[in-house]
Amino acid sequence: MRVIATAGHVDHGKSSLLRALTGMEPDRWAEERRRGLTIDLGFVWTGTPEMAFVDVPGHERFVTNMLTGVAAVPAVLFVVAADGGWQAQSQEHLEVIDALGIRHGVLAVTRSDLADPEPAMREAAGRLARSSLGPVESVAVSAVTGQGLSGLREALGRLAAAIPAGEPDADVRLWVDRAFTVDGRGVVVTGTLGAGTIRVSDTFEATRAGEPVYVRGLHSLQVARQELAGPARVAVNLRGRAASGLRRGDALVTPGRWLAVEETDVRLTGRPEPERPLPERLVWHIGSAAVPARIRPLSQDSARITLARPLPLRLGDRALLRDPGSGAICGVTVLDVRPPALRRRGAARERATELAQFDGVPDGAAELRRRGLVRRDELLAMGAAPPGPPVAGDWLADPAHWSALRERLVRLVAEHTAASPSDPGLGAEELRQALDLPDRALVTALAEGTALHRVRGRLAAAPAVLAAPLRTAVAVVRSELDRSPFRAPDADRLTALGLDTAALAAAEQAGELVRLAPGVVLLPDAPGKAVSVLAGLPQPFTAAEAREALSTSRRVAIPLLEYLDRAGRTRRVDDTHRVIIR
Ligand SMILES: Nc1nc2c(ncn2[C@@H]2O[C@H](COP(=O)(O)OP(=O)(O)OP(=O)(O)O)[C@@H](O)[C@H]2O)c(=O)[nH]1
Ligand SMILES: [Mg+2]
């Protein structure tokens, strides 16, 4: 099935055209038929090809209903009257379509028995082509004489064939556009199912109530079904305590697969006047939901949004922000559904720099890189695919972060063992806290594949004892580093002291030195000292500024910064700049 919404200015002939195409009445209410005006959504369809139409109102007062009508709809039938031409709601509906990124459509120039359709068609086709719809087929029609209808049917057939098929295995998010009670059957909700499959006896979560509801029966185009995959118009008969409270704006979602999102970072698109500040309070529209939102701009094209109530949102979701006062709209693409707190001074600016690199396409590896560790279920609920298998339990780890953690674990244990050789070692809980990990299972997983000893649940390093001549040479290096902590001895100096690669490895194992790169050694506390020095620099800083502040050479500064990146103490913000992670 294909689902197509109408769009276009009031009285341009949307409902009449659907009546002529389907033989069905899209204006469901007596008041609508009496006034000759669509107020709420209408639903009609054709059998072959199976096309369901959502008829939207063109009147500006009902634009919220229009927004609900295009929810989860992949294609539009754009209507412009030959005798009316391009009008205010033609423009507004096109802006909505563009902001939501709808890519498929057909243009029908109606009422072409009343005026020459050419001028209206030329203008509308040009405007549509510059939107997310791109170039579309256009047909001149008359709902009264029937002229052009067969051509329109053919164009719609080609449109239906061009719309990508749905993903039957996708997680369900059904935005409720109607909820009513049927005698003897109870609550029925309807909506456009974009993707995923609904089956009789499935359980879904009703998002506003946060409670389960159960599918008793399922209809589509008035035919009972056992299961149905999107895209489709669906009517779902539900039972469960939460069913009777359901209304437009709620969603039914696959349990455990969606996050309740109250705070999100977004990219703003299609702002009419980017230089004018956005009002602080707007209404967020997604699916059938319209929720008050507070905007905190981060840059000209990014913002942090706080929603008045949580919504099931995912990375890459397209939504709209609308100012109910002026009617101005702006598109948004969801970039982050679990954004970091912005407490420190300068955090908002840093966040904007970071967001500039997001493209709104869910990327599991990138998401994991930013978070270091994340539960597999949480990543899926964000809308990103796990890039690899979990490292422990259902924890996924970014490979670089994971190896940095492992290095830190080994060093912590080695230092502990060196400081108190007779001690039985560090416990998993102590290490979990020291490494600031969310789960003790991660400590166990990190310890695997290292040379650490496990003694009665505690971790200890093999007591590394340096041979006497080596001990003297290392002591010389250490005392030099004590005076200038970032002046690593150069290759000649190391050779003169008889410290080759194997000797430096042994010194590192014993917790005497830390190796940043082959032949570049510092005292184990040097990276920590470097962090304190770098934290005093204006953020972000360059490698040259870091080198200067640490009064050292590039030979040391570069591997030291890379070491800090791996250890999660610094982060690159672009090709040349880094910031300290606090
Ligand atoms: N002559 C002529 N009249 C038409 C044609 N299509 C629609 N009309 C008339 O135009 C008026 C508006 O048509 P509707 O179909 O209600 O327009 P609409 O776009 O659905 O309007 P809203 O839903 O309120 O936005 C009605 O009086 C129709 O009879 C056409 O092709 N030719
Ligand atoms: Mg209508």
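A brief structural summary. The model shown is predicted, which means the values in this text are computed figures rather than measured ones.

Cis rather than trans, the peptide bond between Gly230 and Pro231 has omega equal to 0°. The residue Pro231 is located in the loop between strand 14 (227-229) and strand 15 (232-239) in this model. Of note, Leu221 is a non-glycine position whose phi angle comes to about 50°, a positive value. Here Leu221 shows up in the loop between strand 12 (211-220) and strand 13 (223-224). Classification of Leu221 as buried rests on a relative accessible area of 14%. We note that Gln222 has phi near 65°; this positive angle belongs to a residue other than glycine. With respect to the secondary-structure elements, Gln222 resides in the loop between strand 12 and strand 13.

Taken as a whole and assessed by the stated rule, the structure comprises 39 salt bridges. For Asp171, the salt bridge identified is with Arg257, shortest N-O distance 3.8 Å. Taken together, the residues span a long stretch of sequence, with Asp171 in the loop between helix 6 (149-162) and strand 7 (173-175) and Arg257 in the loop between strand 16 (251-253) and strand 17 (260-269) at a distance of 86 residues. Given a relative accessible area of 30%, Arg257 falls into the partly exposed group. For Asp301, the salt bridge goes to Arg267, with nearest N and O atoms at 3.7 Å.

We now examine the coordination of the magnesium ion (ligand 2). Around the magnesium ion (ligand 2), the protein contributes the donor atoms Ser15 (OG) and Thr38 (OG1), which lie 1.9 to 2.0 Å from the metal centre. Residue Ser15 is located in helix 1 (residues 14-22), and its partner Thr38 is located in the loop between helix 2 (30-35) and strand 2 (42-46); the two are separated by 23 residues in the primary sequence. Taken as a pair, Ser15 and Thr38 share a single burial class, namely buried.

This part takes up the layout of surface pockets. Reported here for the second largest pocket is a volume of approximately 1,500 Å³. Considering the residues around the second largest pocket, the lining is formed by 37 residues, among which Ala72, Arg173, Gly194, Ala195 and Asp317 are closest to the centre. When grouped by side-chain class, the residues that make up the lining of the second largest pocket number 21 nonpolar, 8 polar and 8 charged.

Around ligand 1 there are 19 residues in total, and Ser16, Thr38, Gly58, Arg111 and Ala143 lie nearest to it. One of the side-chain N or O atoms of Arg111 is found 2.6 Å from an oxygen atom in ligand 1. Isolated, ligand 1 exposes 650 Å² of accessible area, and the fraction of that covered by the protein chains is 81%. In the shell around ligand 1, the residues fall into 6 nonpolar, 9 polar and 4 charged.

Along the chain, the position of Ser302 falls in strand 20 (residues 302-312). A residue is classified by how much of its surface remains accessible, and Ser302, at 1% relative accessible area, is buried. A polar side-chain atom of Ser302 sits 2.7 Å from a polar atom in the side chain of Ser299. Aside from chain neighbours lying at most four places away, what touches Ser302 is Val266, Arg267, Leu268, Pro297, Ala352 and Leu355.

Attention now goes to the sheet that holds strand 4 (residues 75-81). If you trace the 6 strands from one edge of the open sheet to the other, you get 2-3-1-4-5-6, paired in mixed fashion. Since the sheet does not close on itself, it has two edges, and those belong to strand 2 and strand 6 (137-140), each with one partner. Across the sheet, the axes of successive neighbouring strands diverge by a mean angle of 25°, strand direction being ignored. For strand 1 (residues 2-7) and strand 3 (residues 51-55), the ladder comprises 4 bridges, and the chain directions are parallel. The residue bridging Ile4 from the neighbouring strand is Phe53, located in strand 3. This element, helix 5 (residues 118-129), spans strand 4, strand 5 (104-110) and strand 6 of the sheet and lies at about 165° to strand 5.

The subject of this paragraph is helix 4 (residues 88-100). With 13 residues, helix 4 should cover 18 Å at 1.5 Å per step; its first-to-last C-alpha distance of 19 Å lies within 8% of that length. Remark: Gly101 follows helix 4 within two positions and exhibits a positive phi of approximately 75°.

Rules behind the numbers
Residues numbered from 1 in each chain as written. Chains lettered and ligands numbered in written order. Predicted model: local features only at pLDDT ≥ 70, side-chain atom pairs only at ≥ 80, totals over all residues. Heavy atoms only, no water. Helix = DSSP H or I, 4+ residues; strand = E, 2+ residues; numbered from the N terminus. Buried < 20%, exposed > 50% of the residue type's maximum accessible area, 1.4 Å probe, protein only. Salt bridge = Lys/Arg side-chain N within 4 Å of Asp/Glu carboxyl O. Donors = N, O, S within 2.8 Å, 3.2 Å for Na, K, Ca; no water. 1 Å grid on protein atoms, 1.4 Å probe; cavity = no way out; pocket = protein on both sides within 12 Å on 5 of 7 lines; lining within 4 Å. Points joined across faces, edges and corners; volume = space filled by probe spheres on them. Nonpolar A, V, L, I, M, F, W, Y, C, P; charged D, E, K, R; others polar. Near = heavy atom within 4 Å. Polar contact = N/O pair within 3.5 Å; in protein donor to acceptor, adjacent residues only side chain to side chain. Areas by Shrake-Rupley, 256 points an atom, 1.4 Å probe, with all protein chains shown as cover. Contact = heavy atoms within 4.5 Å. Pairing = 2+ DSSP bridges. Axes fitted to C-alpha atoms, helices over the stretch in contact; angles between N-to-C directions. Expected span 1.5 Å × (residues − 1).

Honestly, it's all geometry; don't read function into it.
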